Structure formats: C-alpha cells, structure tokens
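Survey of secondary and tertiary structure
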Amino acid sequence: NTGKSGSENANTASTPATAKAGSATEGADPVQALLAVSKAYWEFDVEGLVGALHADNNKDEQDFKASVQQMARSAVKIRDALIAQKVPEKEAVSIAADVTEMRGMTLKQLKDATAQVEGDTATVSGLKGLPPIPMVRIDGKWKISVKKTMEVDGLKTPEEIARFKTETQLTFKALDGITAE
C-alpha cells in the first residue's frame, strides 16, 4: 500500500528507458529527457546540459546551476587541451570527466530506469549506481529539478550551501590553472 488514493496511483506511470531523444529536454517522459541529458553530457554540449536543469529564481538554485555550467565548461577546456596534446579523444573525455567529477549517465545506467510521475513532477529511479533523479515538467519539457537535486546532495541549510559554493569556487580556480598551461 502506497498511501495514495486510487486516482493518484492511476496518475503514476512507470516508463522504460527505450526512446532516443534529441535536445536535452526533449521527450514525452522523464526517462527520455534523461537520455537526452546523457547525450548532451557525453557530447560536451554545455548549453544542452545546463538547459536540462530547472532552477527557480532563488539565488542558491541559480548559483548551483551556474556551478554546473562552469564545471561543464572546465571539462570541455580540459578535454580540448588533452586532445591538443595528442591524447586520444576517448581517453581525453574520460580524464576530463574524472578531473571535474562530472560523470554523465551512461546508457547502461539508464537501461532499467523508470519514472514515477505525479502531475508535473517525477522521480527517475533504477539508475545503476546513481540516486533517484528528481524532475519537473516546465512548459511541457522535463527538466532536472535543481531544488530537489540540492536536497538529495545534502545542500539544505545555508551553511551547507555556503560550503558547496566555497568548494566549487576553489575547484574552478584549480581547474583554470590546469587548462591555462
């Protein structure tokens, strides 16, 4: 028993990860949208990746989204610098992901994903090695909820958020030093 009424259970869908998607928020369901996010990540499509995030006009959420954008741009710089040094592209992508700790979802992780949809919110689970991903439907497109992601990541109090901001700024300074050489 889920504690939900029959009508609430009827509005909850379980969607298999089978469809291919184009833009980072394209897709009739949250799993398709995550497939597109994964594609944007592995193609180093920074704007596509950031466009898949929904942040309210809350400063902390906007800062979190900006941090993801800055980290993704750092990954692109590192990848490009490695390729310029004749490192094979596949290896350069892997190194850039490790250094920036930006690990995109793989199709293998999404294979068994399902979405519990309730109105304009959803949670995608069944992601091998990843926590459930909270999503929200905005203007008919599924996006990753920054607010809920911050909560899942343990960023609930002003102190935790301030620590996150300090750590990410230090990381960006270090990454800029790596890519400047």
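Here the structure is shown first, and the text comes after it.
**Some details on the packing of helix α4 (residues 59-84) against helix α5 (residues 89-100)**
As a packed pair, α4 and α5 sit with axes 8 Å apart at the nearest point and diverge in direction by 145°. Read as a crossing pair, α4 and α5 show a hand that is right-handed. Between α4, through M71, S74, A75, I78, R79, L82 and I83, and α5, the contact on the second element is made entirely by E89, A92, V93, I95, A96, V99 and T100. A class-by-class count of the residues in the contact of α4 with α5 yields 10 nonpolar, 2 polar and 2 charged.

**Notes on the packing of aromatic side chains**
Applying the stated criterion across every chain, the model contains 3 aromatic pairs. Measuring from ring centre to ring centre gives 6.3 Å for Y41 and F44, while their planes differ by 25°; the resulting arrangement is stacked. Overall, the relative accessible area of 8% leaves Y41 in the buried class. Judged by centre distance (5.2 Å) and plane angle (25°), the ring pair of F64 and F164 falls under stacked. Highlighted residues: F64 in helix α4 and F164 in helix α8 (residues 158-180), separated in sequence by 100 residues. For F64, a relative accessible area of 8% corresponds to the buried category. Within the aromatic cluster, the residues linked to one another by ring pairs are Y41, W42 and F44. Of note, R79 hangs over the ring of F44, and the distance from its end group to the ring centre comes to 4.4 Å.

About the cut-offs
- Residues numbered from 1 in each chain as written.
- Predicted model: local features only at pLDDT ≥ 70, side-chain atom pairs only at ≥ 80, totals over all residues.
- Heavy atoms only, no water.
- Axes fitted to C-alpha atoms, helices over the stretch in contact; angles between N-to-C directions.
- Helix = DSSP H or I, 4+ residues; strand = E, 2+ residues; numbered from the N terminus.
- Left-handed = near helix turned anticlockwise from the far one by under 90°.
- Contact = heavy atoms within 4.5 Å.
- Nonpolar A, V, L, I, M, F, W, Y, C, P; charged D, E, K, R; others polar.
- Phe/Tyr/Trp six-rings, centres within 6.5 Å; stacked < 30°, edge-to-face > 60°.
- Buried < 20%, exposed > 50% of the residue type's maximum accessible area, 1.4 Å probe, protein only.
- Lys NZ or Arg CZ within 6 Å of the ring centre and 35° of its normal.

Just geometry here; none of it tells us what the structure is for.
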